[in-house]
Amino acid sequence: MAGRRKKIKISAYLDPDVMTMLADYAARRNQPQSMIAEAAIASFLSPDAAERREAAIGKRLDQLDRRMMRLERDMGISVETLAVFVRFWLTTTPALPEPAAQAARVKAAERYEAFITALGRRLVKGPKLRQEIPEDVPGEKGDQ
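About the thresholds
- Residues numbered from 1 in each chain as written.
- Predicted model: local features only at pLDDT ≥ 70, side-chain atom pairs only at ≥ 80, totals over all residues.
- Heavy atoms only, no water.
- Axes fitted to C-alpha atoms, helices over the stretch in contact; angles between N-to-C directions.
- Helix = DSSP H or I, 4+ residues; strand = E, 2+ residues; numbered from the N terminus.
- Parallel < 35°, antiparallel > 145°, perpendicular 65-115°, else oblique.
- Left-handed = near helix turned anticlockwise from the far one by under 90°.
- Contact = heavy atoms within 4.5 Å.
- Nonpolar A, V, L, I, M, F, W, Y, C, P; charged D, E, K, R; others polar.
- Patch = residues over 30% accessible without salt bridge, like charges linked within 9 Å, V, L, I, M, F, W, Y side chains within 5 Å.
- Areas by Shrake-Rupley, 256 points an atom, 1.4 Å probe, with all protein chains shown as cover.
- Salt bridge = Lys/Arg side-chain N within 4 Å of Asp/Glu carboxyl O.
- Buried < 20%, exposed > 50% of the residue type's maximum accessible area, 1.4 Å probe, protein only.
- Phe/Tyr/Trp six-rings, centres within 6.5 Å; stacked < 30°, edge-to-face > 60°.

Orientation of helix 1 (residues 16–29) relative to helix 2 (residues 33–45), taken along the N-to-C sense of each, is 110°, at an axis distance of 9 Å. On the basis of the axis angle, helix 1 is roughly perpendicular to helix 2. Like other packed secondary-structure pairs, helix 1 and helix 2 cross with a definite hand, here right-handed. Across the interface between the two elements, Met19, Leu22, Ala23, Tyr25 and Ala26 from helix 1 touch Gln33, Ile36 and Ala37 from helix 2. Residue composition of the contact of helix 1 with helix 2, by class: seven nonpolar, one polar and no charged.

This is how it looks when you write it as structure tokens:
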């Protein structure tokens, strides 16, 4: 039967706030402060601690990258949608003579309010435009 090695005592100076946190944690876990301090030091000095931190940071960066890619895609959809609409509107809407322009402005205000109301309903209920567009649509100029 192998005997237990005797532990070596050290003295360490801790900031009062850190000491309070250590004492509170030890009391909550019903464990001696020295055991918690030993585990924390061992974890800090462990050769794989840096690898675990790097893996956690890498995972978070991957999540951020995926979110940024979705944002970039959604922004591209928004810009292209607006561009297509503006091009269509400019090519199909003739200029109005001044007497009719005033009545058109009034009607436009009514139609704009209806548009904002419909947009609000769609944003609340869905589906979102980005959900209706497949992610793997090839480009026109051989982006495949």
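After that view, the rundown keeps rolling.
The next point concerns the environment of serine 43. The residue serine 43 is located in helix 2 in this model. Between the C-alpha atoms of serine 43 and methionine 69, which are 26 residues apart in sequence, the distance is 35 Å. Setting aside residues up to four positions removed in sequence, serine 43 forms contacts with Ala49 and Arg52.

With that settled, the discussion passes to a nonpolar patch on the surface. Taken together, Ile8, Ile10, Ile41, Phe44 and Leu45 make up a surface patch of nonpolar side chains, about 630 Å² in accessible area. For leucine 45, the location among the structural elements is in helix 2. By relative accessible area, which is 60% here, leucine 45 ends up exposed.

Following the criterion strictly, the structure yields five salt bridges and no others. We note a salt bridge from arginine 73 to aspartate 74, for which the minimum N-O separation is 3.7 Å. Put simply, lysine 107 and glutamate 110 hold a salt bridge, and the shortest N to O gap is 3.5 Å. Pair noted here: lysine 107 and glutamate 110 are both in helix 4 (residues 98–125), with a separation of three residues, about one helical turn. Residue classification places lysine 107 among the partly exposed residues on the basis of a relative accessible area of 48%. Residue glutamate 110 is classed as partly exposed on the basis of its relative accessible area, which comes to 47%.

What follows deals with the packing of aromatic side chains. Applying the stated criterion to the full structure yields one aromatic pair. Measuring from ring centre to ring centre gives 6.4 Å for tyrosine 112 and phenylalanine 115, while their planes differ by 40°; the resulting arrangement is tilted. Pair noted here: tyrosine 112 and phenylalanine 115 are both in helix 4, with a separation of three residues, about one helical turn. Judged by relative accessible area, which is 49%, tyrosine 112 ranks as partly exposed.

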